[in-house]
Amino acid sequence: MKAIFFKSSPSPTRMTPPASPLHLTFSESLMEENIEAAELIITKWDSSSDNHSSSSNASLFSDDNREEAKQYLSSVKGLQKAMQYLVSHQASSEMLVRAQALMQTAMKRLEKEFYQIFKSFRFYLDPESFSAHSSSSRPSASRSSFSDLEEDESENESRDENDSIPEAQRVSLAAVEDLRAIAEAMIKAGYAKECIKIYKIIRKSFVDEALHGLGVDRTLNLQKVQKMDWEVLEVKIRNWLHAVKVAVKTLFPGERILSDQVFSISTAMGESCFAEISKEGALALFEFPENVAKCKKTPEKMFRFLDLYEAVSNLWPEVESMFNSESTSTLRSTAVNSLIKLGDAVRTMLTSFETAIQKDPSKSTVPGGGIHPLTRYVMNYISFLADYTEVLSDIVADWPLTIPSPLPEPFFGSPDNEESISSPVSVRLAWLILLMLCKLDGKAAMYKDVSLSYLFLANNLQYVVGKVRQSNLKILLGDEWVTKHELKVKQYCSNYERMGWSKVLASLPENPTAEIPVDQVKDHFRNFNLAFEETYTKQTSWVVPDPGLRDDIKISLARRIVPIYKEFYETYGGMHLRKEMWVESLVRYTPDDLGNYWSDLLNGSGSSGSVSSSSSRGGRSG
């Protein structure tokens, strides 16, 4: 090889010593050897060459060609060094032109291999297959990577550990290592743009396909969402709730790890690729709840809105950590805006729900004093709300409750004065229950029979307490709230018994064993018969749906009336009047008869609406 000497004119201010001819000759020789070595293996794997061998159509990074893959990448490094030297010392030499042509050929081959690895190992490069393992995990001999060939000693040291790695994970790790090696070689050779272009096209297609498979409709804009029937939109919401969890927990983290690993040589490139791949799909994903939040807001939509809020809120730490670059800031802001809009929508619906309670028509009553539809609706609704305590805490934290006016009945008090209720959610739910109870108090006043109005209040408050006990409301409202309202139920029951059975009690003498004239005895029996039959007949259509409460009322009534009647009956019904011819029509009921009648009371059937006037002392007839 002919030595090359750089000539320079002497300068009056600075003299440049000539380079050593021996050094230049040695370097040129070394560079020429690098080029020749690279040409040998690059040409062998050049599928565009007229004289290419059959190996050029095979995969360079297959298990059968691992050693040649190592040599190929090593030759690219050597070729790169030669080009750097030639650019500095012989920028116009034919050797540099030759080297540049070889490098272009090598890059085309690596582009093909890069694409082929993604295509061949598509299943193994599914984010779910490798997102869980650490980026530092090493693949085992099941499919060795180029990196393994460079670090045989390291592999031997960790062989026992790698043997425990599942097959799919080992294959995916090895494929990622090969991709990383190719990307590093292309980037160092100045072909980063070509490498990144292939990567973005392949992985973006994968992400888009994965999101489509999860049911994410990227054409579903605000206009389409607003025009949807609620039943259809509700299905979309349920699909989205599943999709967003998979996307944020598996799909996007997997893509982030893959980008970081393949482009480990450049953090910026990895972030740029991940942003480009995920941005469009993630934006469509996170815009959906914001669009839903802009739809018409009615109370029945509340729980789906809370589901959306809960999903975005729970996934926010992952979203914030994963999309933490400037290029993905739009995704973070979209997720935050979804939370803001959904929170506003929930507050609007809570206000609408409160207004609906206040505007419920007071004239509507329930036959028999049973459970009012308003009670069922409100308590079912509120008990479901209690399942979203954590979400509601975020939404109502800075939304203080304002009580517009004094309440109709001072007994209920104000939720702000409840010592056992402290959290904003507890106060607000207690307030909604309070509004409903006040509304029920107004409905009770519509009953003509005062005792029935108290039975109505007892039934409905018992239902309220039962719903509280059976749901998370018990935790929110506390034992003190429950105890207070249970006592109120007992007070209503006592009022019902006192007013509903007052005529029956008044028909009996104050002292049932005191000696009284026969005429008064007859009057007491007659009055008792009339009062009992009238009361019983009227109340057979009344109802107490709660079996426990119904039994408690019957037991309480029996304790109030039966002992007095029994003493009176045993004192006069069996002795003084036994010889009278008309005694059986006068003394119609034995003490046991009363218990038999009460067994049918408050069932709401109305089938026993009358008491037979021909009952004998021995028991009921008919």
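Residues numbered from 1 in each chain as written. Predicted model: local features only at pLDDT ≥ 70, side-chain atom pairs only at ≥ 80, totals over all residues. Heavy atoms only, no water.

J.: So what exactly am I meant to see when it comes to the overall build of the chain here?
T.: Scanning the chain from terminus to terminus reveals 24 helices and zero strands. Taken over 622 residues, the chain has a buried fraction of 49%. Considering only contacts within the chain whose residues lie at least 6 apart along the sequence, 80% involve residues at least 24 apart. As displayed, the chain offers around 30,500 Å² of accessible surface, 51% of which is attributable to carbon and sulfur atoms. (Helix = DSSP H or I, 4+ residues; strand = E, 2+ residues; numbered from the N terminus. Buried < 20%, exposed > 50% of the residue type's maximum accessible area, 1.4 Å probe, protein only. Contact = heavy atoms within 4.5 Å. Areas by Shrake-Rupley, 256 points an atom, 1.4 Å probe, with all protein chains shown as cover.)

J.: Would you mind going over the nonpolar core with me for this structure?
T.: Looking at soluble globular proteins, one finds that nonpolar side chains tend to be buried together. The biggest cluster of nonpolar side chains holds 177 residues, and the ones touching the most others in it are F114, F252, L306 and M436. For this core, the element with the most residues is helix 17 (residues 424–444), which contributes 14 residues. Beyond its immediate chain neighbours, meaning those up to four positions away, F252 contacts V207, L211, A247, F274, S278, A282, L285, M322 and F323. (Core = buried A, V, L, I, M, F, W, Y, C linked by side-chain atoms within 4.5 Å.)

J.: Please explain the confidence of the model for the chain as it appears in this structure.
T.: Detail in the predicted coordinates should be disregarded across regions flagged by low pLDDT. This prediction gives the chain a mean pLDDT of 79; 77% of its residues lie at or above 70. Scored below 50 in pLDDT, residues 134–161 shows 54 contacts in the model against residues more than four places distant or in partner chains. Low pLDDT (under 50) marks residues 612–622, which in the prediction has 26 contacts with non-local residues, meaning those over four places away or in another chain. (pLDDT = per-residue confidence, 0-100.)

J.: Got a minute to help me understand the pattern of salt bridges in this structure?
T.: Oppositely charged side chains can form a pair if their charged atoms are brought close together. As enumerated under the stated definition, the model contains 24 salt bridges in all. Residues D307 and R304 are paired through a salt bridge, measuring 3.1 Å at the closest nitrogen-oxygen approach. On the criterion of helical spacing, the pair formed by D307 and R304 is a turn pair, its members being three residues apart in helix 13 (residues 302–322). When sorted by exposure, D307 lands in the same class as R304, which is buried. Here the salt bridges share partners, and the residues they tie into one network are E177, R180, E184 and K188. (Salt bridge = Lys/Arg side-chain N within 4 Å of Asp/Glu carboxyl O.)

J.: Is there a simple way to think about helix 24 (residues 591–599) in this case?
T.: The periodicity of an α-helix, 3.6 residues per turn, causes residues three or four positions apart to be oriented the same way. Of all the positions in helix 24, only P591, D593, L594, Y597 and W598 are classed as buried. For helix 24, the arc enclosing every buried residue in end-on projection is 150°, short of the 170-degree limit, so these residues lie on one face. (Arc of directions from axis to C-beta.)

J.: Explain the packing of aromatic side chains here, please?
T.: For any pair of aromatic rings, geometry is given as the distance between the ring centres together with the angle between the planes. Enumeration according to the criterion identifies 28 aromatic pairs in this entry. A centroid spacing of 6.2 Å and a plane angle of 55° characterise the contact between Y496 and W542, whose relative ring orientation is tilted. Here Y496 is found in helix 19 (residues 473–500), whereas its partner W542 is found in the loop between helix 21 (518–539) and helix 22 (547–573), with 46 residues between them in sequence. Between F532 and Y536, the ring centres sit 6.0 Å apart and the planes meet at 15°, which makes this aromatic pair stacked. Residue F532 and its partner Y536 are located together in helix 21, separated by four residues, close to a single helical turn. (Phe/Tyr/Trp six-rings, centres within 6.5 Å; stacked < 30°, edge-to-face > 60°.)

J.: What am I meant to see in the environment of K503 here?
T.: Looking at where K503 falls in the secondary structure, it is placed in helix 20 (residues 502–506). Residues contacting K503, with those up to four places away along its chain left out, are A531 and E534.

J.: Help me understand the packing of helix 3 (residues 94–120) against helix 9 (residues 192–213), please; the structure alone is not making it clear to me.
T.: The description of two packed helices rests on the angle between their axes and on the distance between the axes. Direction vectors running N to C along helix 3 and helix 9 enclose 20°, while the axes themselves pass 10 Å from each other. Comparing their axes, helix 9 and helix 3 come out roughly parallel. For the pair helix 3 and helix 9, the sense of crossing is right-handed. Residues E111, F114, Y115 and F118 of helix 3 lie in contact with helix 9, whose contacting residues are E194, C195, I198, Y199, I202 and R203. Looking at the contact of helix 3 with helix 9 residue by residue, the classes come out as seven nonpolar, no polar and three charged. (Axes fitted to C-alpha atoms, helices over the stretch in contact; angles between N-to-C directions. Parallel < 35°, antiparallel > 145°, perpendicular 65-115°, else oblique. Left-handed = near helix turned anticlockwise from the far one by under 90°. Nonpolar A, V, L, I, M, F, W, Y, C, P; charged D, E, K, R; others polar.)

J.: Any chance you could explain the packing of helix 13 against helix 15 (residues 373–385) here in plain terms?
T.: Taken N-terminus to C-terminus, the directions of helix 13 and helix 15 make an angle of 0°; their axes are 11 Å apart at the nearest point. For the element pair helix 13 / helix 15, the angle class is roughly parallel. Every residue of helix 15 that contacts helix 13 at M302, F303 and L306 is listed here: Y381, F384 and L385. Split into classes, the residues belonging to the contact of helix 13 with helix 15 amount to six nonpolar, no polar and no charged.

J.: Looking at this model, I keep getting lost on the side chain of S259. Mind explaining?
T.: Relative to the helices and strands, S259 resides in helix 11 (residues 230–262). Assessed through its relative accessible area of 0%, S259 is described here as buried. Here S259 is in contact with Y199, G270, C273, F274 and I277, once residues within four sequence places are set aside.

J.: What am I meant to see in helix 16 (residues 389–396) here?
T.: Looking only at helix 16, the buried set comprises V391, L392, I395 and V396. Each buried residue of helix 16 sits inside an arc of 115° when the element is viewed along its axis, so together they form one side. Lining the buried residues of helix 16 we find helix 13, helix 14 (329–358), helix 15 and helix 17.

J.: Would you take a moment to explain the state of the cysteines for this structure?
T.: Two cysteines whose sulfur atoms are joined by a covalent bond form what is called a disulfide. Considering all chains together, one arrives at zero disulfides under this definition. C273 provides the cysteine sulfur closest to C195, a residue in no disulfide bond, and the two sulfurs are 7.6 Å apart. A relative accessible area of 0% places C195 in the buried class. C273 gets classed as buried once you look at its relative accessible area, which sits at 0%. (Disulfide = S-S within 2.5 Å.)

J.: Explanation requested: the environment of L233 in the structure shown.
T.: With respect to the helices and strands, the residue L233 is situated in helix 11. In this structure, the C-alpha to C-alpha distance between L233 and V292, residues 59 residues apart in sequence, is 8.5 Å. Leaving out residues up to four positions away in the same chain, L233 has contacts with V225, M228, F288, V292 and C295.

J.: Sorry if this is basic, but what is going on with the environment of E300 here?
T.: Mapped onto the elements, E300 comes out in the loop between helix 12 (267–293) and helix 13. For E300, a relative accessible area of 52% corresponds to the exposed category. For E300 and Y381, which are 81 residues apart along the polypeptide, the C-alpha to C-alpha distance reads 8.9 Å. Side-chain polar atoms of E300 contact the side chain of T298, separated by 2.9 Å. (Polar contact = N/O pair within 3.5 Å; in protein donor to acceptor, adjacent residues only side chain to side chain.)

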